[in-house]
Amino acid sequence: MSSIDQVDGSSIGSMQKKSTNYKDQADDFFSNFLEPNNLNQIRSQVKQFIDCDTNHPTVLITSGGTTVPMEHNTVRFVDNFSAGTRGSASAEYFLEKGYKVIFLYRLKSLEPFTRHINVWQLMESLSSSDSGSQVGPSIGDNLSKTVKIYKENKANILMITFTTLAEYLYYLREISFSMQPLGPKAALYLAAAVSDFYIPPTDMATHKIQSKNGPISLVFELVPKMLRPLVKFWVPSAFVVSFKLETDESILLDKARKALLCYGHHLVIANILHTRKSQVLIVTEKESHQITLPNPEMEIESLIVDEVISRHKTFINMKLNVEKLI
Ligand code: 9Z3
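Keep in mind the model is a prediction, meaning the values are calculated, not measured.

**A closer look at the overall build of the protein chain**
When its secondary structure is counted, the protein chain shows nine helices and 14 strands. Relative to a compact globule of 326 residues, whose C-alpha radius of gyration would be 20 Å, the protein chain shows 21 Å and is just as compact. Taking the principal axes of the C-alpha coordinates as reference, the protein chain spans close to 70 × 70 × 45 Å. Counting across all 326 residues of the protein chain, residues that qualify as buried make up 34%. Long-range contacts, defined here as pairs at least 24 residues apart, represent 73% of the contacts in the protein chain between residues at least 6 apart.

**A closer look at the confidence of the model for the protein chain**
Of the residues in the protein chain, 94% have a pLDDT of 70 or more, and the chain-wide mean is 92. Overall, residues 1–19 carries pLDDT values under 50, and its contacts beyond four positions in sequence, including any with other chains, amount to 16 contacts.

**Structural notes on helix α9 (residues 300–325)**
With 26 residues, α9 ought to run about 38 Å at 1.5 Å a step, and its terminal C-alpha atoms sit 38 Å apart, in line with that. When we look at burial in α9, the residues that qualify are I300, E301, I304, V305, V308 and H312. Looking at the packing, one finds that the buried side of α9 touches α3 (85–96), β8 (186–190), β11 (239–246), β12 (267–272), β13 (279–283) and β14 (288–292).

**Quick notes on the sheet that holds β13**
Strands sit in the order β7-β4-β1-β8-β11-β12-β13-β14 across an open sheet of eight strands; the sheet is mixed. Only two strands of the sheet have a single neighbouring strand rather than two, namely β7 (157–162) and β14. Here the strands of the sheet are splayed against their neighbours by 15 degrees on average, with no regard to which way each runs. Sheet topology places strand β1 (residues 58–63) next to β8; five bridges connect them, and they run parallel. Directly across from V59, in β8, lies its bridge partner A187.

**Observations concerning helix α7 (residues 227–234)**
For α7, the buried fraction is high: six of the eight residues fall into the buried class. Listing the buried residues of α7 in full gives L227, R228, P229, L230, V231 and W234.

**Considerations on the packing of α3 against α9**
Between α3 and α9, the shortest axis-to-axis distance is 9 Å and the interhelical angle comes to 55 degrees. Comparing their axes, α9 and α3 come out oblique. Two packed elements cross with a definite hand, and for α3 against α9 that hand is right-handed. Each of R86, A89, S90, Y93 and F94 in α3 lies in contact with α9, whose residues at this interface are E301, S302, I304 and V305. Classifying every residue of the contact of α3 with α9 gives five nonpolar, two polar and two charged.

**Examining the site of the ligand**
The immediate surroundings of the ligand are formed by 16 residues, with S82, T85, R86, F243 and L245 found nearest. Broken down by secondary-structure element, the contributors of at least two residues to the shell around the ligand are α3 and β11. The greatest single-element share of the shell around the ligand, amounting to four residues, is contributed by β11. Across the shell around the ligand, the residue classes tally to seven nonpolar, six polar and three charged.

What counts and how
- Residues numbered from 1 in each chain as written.
- Predicted model: local features only at pLDDT ≥ 70, side-chain atom pairs only at ≥ 80, totals over all residues.
- Helix = DSSP H or I, 4+ residues; strand = E, 2+ residues; numbered from the N terminus.
- Rg over C-alpha atoms; globule rule 2.2 N^0.38 Å.
- Buried ≥ 20, exposed ≤ 12 C-beta atoms within 10 Å, placed from the backbone.
- Contact = placed C-beta atoms within 7 Å.
- pLDDT = per-residue confidence, 0-100.
- Expected span 1.5 Å × (residues − 1).
- Pairing = 2+ DSSP bridges.
- Axes fitted to C-alpha atoms, helices over the stretch in contact; angles between N-to-C directions.
- Parallel < 35°, antiparallel > 145°, perpendicular 65-115°, else oblique.
- Left-handed = near helix turned anticlockwise from the far one by under 90°.
- Nonpolar A, V, L, I, M, F, W, Y, C, P; charged D, E, K, R; others polar.
- Near = placed C-beta within 6 Å.

Put into structure tokens, the structure is as follows:
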């Protein structure tokens, strides 16, 4: 069960009360975990990336799955299926449309550009001699195309990796704070598959859990839903898109709507595990419609990104018009 199930958004009064709870729960979660050592470094990298043009539409894309460690000296952890296809493909389409991209992704999951390179095919195609290596023509054309696009875009993408759930959430909060100067030009595209459950550090074994002691039972706590504090406190002027994953189609739309109601963000892209590469549901408070991949040569992310950018543009214009009136 996710914590969304425990919340109803029946009145503004109750929503306000709950948002305070969400903030307290988020703060409690963070106080359980030490800050990652490189948090200051990430803060200054993001600041530098954004400060050169705070007027430029910039999207934070999260991608890949989070790990939940079972021991402090981690040998074992709980993980999930996400390969990072959605996030890495979307990053390329956002760049193509002129966005700057902060790509927060799980270490060793798929990356924009390199995802097109199959290392084994490349090895097969390489001929090597004392004077160096040459790529065969079958791979060479595609490789040059990818390298060319990468070089044209590399100044516009900042890549940051995470592994554990706690790292992911610390970085997400820090990057969100740092995106505040962008105002409505900031967009968040939260495609990472984030664990709903974790083991609090105080309940975790220090060393590798020993099998000689017999079977184990572990109790996982619920991760507080961070979307509400994100929208309300971390980066309140941004356009926020979340993803909702289910395996049971009959609850998908309802869960997506509930998320919008509870967290107050702008758009949910809802998908079913086994059909996520060929169809998604675009859900706002007022309407929903399906996007279906028209042909297998395309990637559905190109259509999702078009849809998100068009809605982000409308959002920016609306916010700027309101500012003019004030
Ligand atoms: C998604 O739903 C993404 O589309 C996928 C992409 C993870 C399915 P891949 O990386 O897969 O291309 O293999 N992401 C969000 C999943 C999530 O954890 N959402 C939470 C929820 O559904 C938070 S809103 O409750």
